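Residues per chain are reported as follows:
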Amino acid sequence: MDKQRRNLQEKMINKKTFESTFGVPLVVNGFKRKASSWYRQAEGVLQVVNLQRSAYGAQYYVNLCCVPVGMEVDGMPMPKVHNCPIQIRLTEAFPDRKGEIENVFDLETTSLNAAEPKEQLARFAQELIFPFLANAKDVPSLRHAIEHGRFEGGSANIAARRQLGVPVSCPLLTWLRIVEPRSLRTRRGTIRYA
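Residues numbered from 1 in each chain as written. Predicted model: local features only at pLDDT ≥ 70, side-chain atom pairs only at ≥ 80, totals over all residues. Heavy atoms only, no water.

## Remarks on the overall build of the protein chain
From N to C terminus, the protein chain includes eight helices and eight strands. Burial analysis of the protein chain (194 residues in total) assigns 41% to the buried set. Partitioning the contacts of the protein chain with sequence separation of at least 6, the portion at a separation of at least 24 is 50%. Accessible surface, the protein chain: about 11600 Å² in total, of which carbon and sulfur atoms supply 51%. (Helix = DSSP H or I, 4+ residues; strand = E, 2+ residues; numbered from the N terminus. Buried < 20%, exposed > 50% of the residue type's maximum accessible area, 1.4 Å probe, protein only. Contact = heavy atoms within 4.5 Å. Areas by Shrake-Rupley, 256 points an atom, 1.4 Å probe, with all protein chains shown as cover.)

Rendered as structure tokens:
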């Protein structure tokens, strides 16, 4: 039993190697790393790729985020993912490949082995991450991506939608306009909107 476990651990890729290997194709394509996020300033859009480790095991999630030019968020020029106004998980962006994505980014059951992770992760970046971000490379393409549902399953907050000129369609806001036009009371104070 111990010999089997040792053999399995030798084949498995470790966390540090996984994170640095994941970032290689990103750095080659102009991203700069800070902690477990990679940042690239495109034409009018800050693009963020984040590798988030699960709190419950050796699984990772890939978050793709954008900050349109002119929006100030906490932590600029390298904001944390939770501060990015437009974001989606890789599994939500490509629901038809969710099982494959989860398998590759689960270090407990992954098909990656320590000998060839670079090729497999580079293929994933080339097939999924870069094409998705190419559809959000500037303000017009980001606006088009949101309007046509590319971020469905993710989020594009109201401020970002307004910044991009994307209509805000939210049943809650429609209801609030009927009840109390032009303002919304929250615990932090009153938010005024048009």
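The rest of the description comes next.
## Focus on the pairing of strand E2 (residues 37-41)
For strand E1 (residues 32-34) and E2, the ladder comprises three bridges, and the chain directions are antiparallel. Its bridge partner being in E2, lysine 34 is matched across the sheet by serine 37. Taking the residues between adjacent antiparallel strands as the criterion, E1 and E2 are bridged by two residues, where alanine 35 takes a positive phi near 60°. Between E2 and strand E3 (residues 45-53), which follow one another and run antiparallel, lie three residues, and glycine 44 among them has a positive phi close to 85°. (Pairing = 2+ DSSP bridges.)

## A closer look at the side chain of serine 141
Considering the arrangement of structural elements, one finds serine 141 in helix H6 (residues 139-147). Note on serine 141: relative accessible area 17%, which makes it buried. In this structure, serine 141 is in contact with Ala134, Asn135 and Ala136, ignoring residues within four places of it in sequence.

## Quick word on the pattern of salt bridges
The tally for this structure, following the rule as stated, stands at five salt bridges. Salt-bridge contacts for arginine 97 lead to glutamate 127; the nearest nitrogen and oxygen are separated by 3.0 Å. Of this pair, arginine 97 sits in the loop between helix H3 (90-93) and helix H4 (98-104) while glutamate 127 sits in helix H5 (residues 117-134), and the two are 30 residues apart along the sequence. Given the relative accessible area of 35%, glutamate 127 is considered partly exposed. (Salt bridge = Lys/Arg side-chain N within 4 Å of Asp/Glu carboxyl O.)

## Concerning the packing of aromatic side chains
Tallied over the entire structure, the rule returns five aromatic pairs. Here phenylalanine 94 and phenylalanine 132 contribute two aromatic rings whose centre-to-centre distance is 6.2 Å and whose plane-to-plane angle is 65°, an arrangement assigned as edge-to-face. Of this pair, phenylalanine 94 sits in the loop between H3 and H4 while phenylalanine 132 sits in helix H5, and the two are 38 residues apart along the sequence. By the burial criterion, phenylalanine 94 is buried, and phenylalanine 132 matches it. Among the aromatic residues, those joined into a ring-pair cluster are Phe22, Trp38, Phe105 and Phe124. (Phe/Tyr/Trp six-rings, centres within 6.5 Å; stacked < 30°, edge-to-face > 60°.)

## Observations regarding the side chain of threonine 91
Here threonine 91 is to be found in helix H3. Sequence-distant contacts of threonine 91, that is, excluding residues within four places in its chain, are made with Lys98, Ile101 and Glu102.

## So, helix H2 (residues 15-28)
The end-to-end C-alpha distance of H2 is 21 Å, a good match for the 20 Å that 14 residues give at a rise of 1.5 Å each. Those residues of H2 lying buried are Phe18, Glu19, Thr21, Phe22, Gly23, Pro25 and Leu26. Positive backbone phi, approximately 95°, marks glycine 30, located one or two places after H2. (Expected span 1.5 Å × (residues − 1).)

## What to know about the sheet that holds strand E5 (residues 86-89)
Read across the sheet, six strands follow the order E1-E2-E3-E4-E5-E6 without closing on themselves; strand pairing throughout is antiparallel. Every interior strand has two partners, whereas the edge strands, E1 and strand E6 (155-156), have only one. Along the sheet, H2 contacts E1, E2, E3 and strand E4 (60-68); its crossing angle with E3, the most-contacted strand, is approximately 160°. (Axes fitted to C-alpha atoms, helices over the stretch in contact; angles between N-to-C directions.)

## Regarding the nonpolar core
Judged by nonpolar contacts, the single largest core of 49 residues is most densely connected at Phe22, Phe105 and Ile129. Apart from the residues within four sequence positions on either side, phenylalanine 22 is in contact with Trp38, Val49, Leu51, Val62, Phe105, Leu121 and Ile129. (Core = buried A, V, L, I, M, F, W, Y, C linked by side-chain atoms within 4.5 Å.)

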